[in-house]
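Fold and contact review
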Number of protein chains: 2
Amino acid sequence: MRELALSEVYRLLDPGPVVLLTTSRAGRDNVMAMSWHMMVEFTPPLVACVVSEADYSFATLRATRQCVIAVPAAKLAKTVVAIGNCSGRTTDKFAAFGLTRVPARRVNAPLVSECLANLECEVVDTRFVKRYGLFVLEVVQAWNDPTQRNARTIHHRGRGEFTIDGKAIKLASRMP
Amino acid sequence: MRELALSEVYRLLDPGPVVLLTTSRAGRDNVMAMSWHMMVEFTPPLVACVVSEADYSFATLRATRQCVIAVPAAKLAKTVVAIGNCSGRTTDKFAAFGLTRVPARRVNAPLVSECLANLECEVVDTRFVKRYGLFVLEVVQAWNDPTQRNARTIHHRGRGEFTIDGKAIKLASRMP
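Quick notes on the rules
Residues numbered from 1 in each chain as written. Chains lettered and ligands numbered in written order. Predicted model: local features only at pLDDT ≥ 70, side-chain atom pairs only at ≥ 80, totals over all residues. Heavy atoms only, no water. pLDDT = per-residue confidence, 0-100. Contact = heavy atoms within 4.5 Å. Buried area = accessible area lost by both parts, 1.4 Å probe. Salt bridge = Lys/Arg side-chain N within 4 Å of Asp/Glu carboxyl O. Polar contact = N/O pair within 3.5 Å; in protein donor to acceptor, adjacent residues only side chain to side chain. Helix = DSSP H or I, 4+ residues; strand = E, 2+ residues; numbered from the N terminus. Buried < 20%, exposed > 50% of the residue type's maximum accessible area, 1.4 Å probe, protein only. Pairing = 2+ DSSP bridges.

Below, the discussion takes up the confidence of the model for chain A. Across chain A, the average pLDDT comes to 94, with 100% of residues at 70 or higher. What the predictor reports for the complex is a pTM of 0.95 with an ipTM of 0.94.

Each partner contributes to the interface: chain B provides 51 residues, whereas chain A provides 51 residues. Across the chain B/chain A interface, buried area totals approximately 5300 Å², and carbon plus sulfur atoms make up 56% of it. Applying the counting criterion to the chain B and chain A interface returns eight salt bridges. Across the pair Asp165 of chain B and Arg157 of chain A runs a salt bridge whose closest N-O atoms are separated by 3.5 Å. At the boundary of chain B with chain A, the tally comes to 34 residue pairs in polar contact (both at pLDDT 80 or more). Mapped onto the side of chain B that touches chain A, the elements with two or more residues apiece are α1 (10-13), β4 (37-41), β5 (46-50), α3 (77-84), α5 (129-132), β10 (134-144), β11 (154-158) and β12 (161-170) of chain B.

Residues and elements named next belong to chain B. Within strand β9 (residues 117-125), seven of the nine residues are buried, leaving the element largely enclosed by the surrounding structure. Across six bridges, strand β6 (residues 66-71) lies against β9 in antiparallel orientation. Bridging across to β9, Val71 finds its partner in Ala117. Pairing geometry for β9 and β10, over eight bridges, is antiparallel. Across the sheet, residue Glu120 finds its bridge partner in β10, namely Gln141.

Here it is as structure tokens:
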């Protein structure tokens, strides 16, 4: 993993990839799959995401206020779905799915070595948690894997359907 | 446009497509391009999105509390970028880009006939508008175009780069 400028973070999350969210509490790490996230600010990068109270990660995220968003490439699609199909309540998912943990620099939640990018996040706003399960995260440290520069990501379409990134196009957009 | 069950709405927005947002006030319609959106609830479908105070649509959305989210297919990519590159302050974008307006059923903002789906939305929560420009919308009526059933969408990667949907895959996900 190579350090990535925080100003580049939005480019990872804007296209709407399925991501992994890792948390850790009392020596126990967990990882969940997540599609409901969006950027809310470029710099510092703020990300809104929805973690349901029904998710095992919910209590840990609310208590520790720290997590990692890891972006998996399409080659991990089956693993991502398997992660989403079970709960950390009953499964040590890192062991079950053979994911390699790497210590983060700024937060107490593991990076996922196999992912193309990892974003260390702190919870900065919990006012919408009760109503929507919506956490606002600040990305405080970002990493990417230069060897996966052109990796394709997956996008959730519901009911087991996913789309893999296709052709990239360049247009004269004035947006950042 | 054919009516779409509200329970199907998340399948349009989960994959993270660039969308169009239409608004209307005092007989003047406008349309902007938007990438910062996410689902926050399945049923009724709730969508969070960020509209900057700098956007011309911001004041209209806050005042009227109504909008339409239109999902364009990749064939409209150049038009979508052109829409994002100018402001409704100085341009009648519907005229400038030859988009066909269709009256909505439940809100006072136009559907965009060329898009593969149109979601009529009411603003249901403005508590995060001041801090993040974050509006929570409820989709109260949804439409799709059956002739564009397999249309590909575009995903924003920043700086003029977009990805077009590629291959679809089916995996045994237990997620809705």
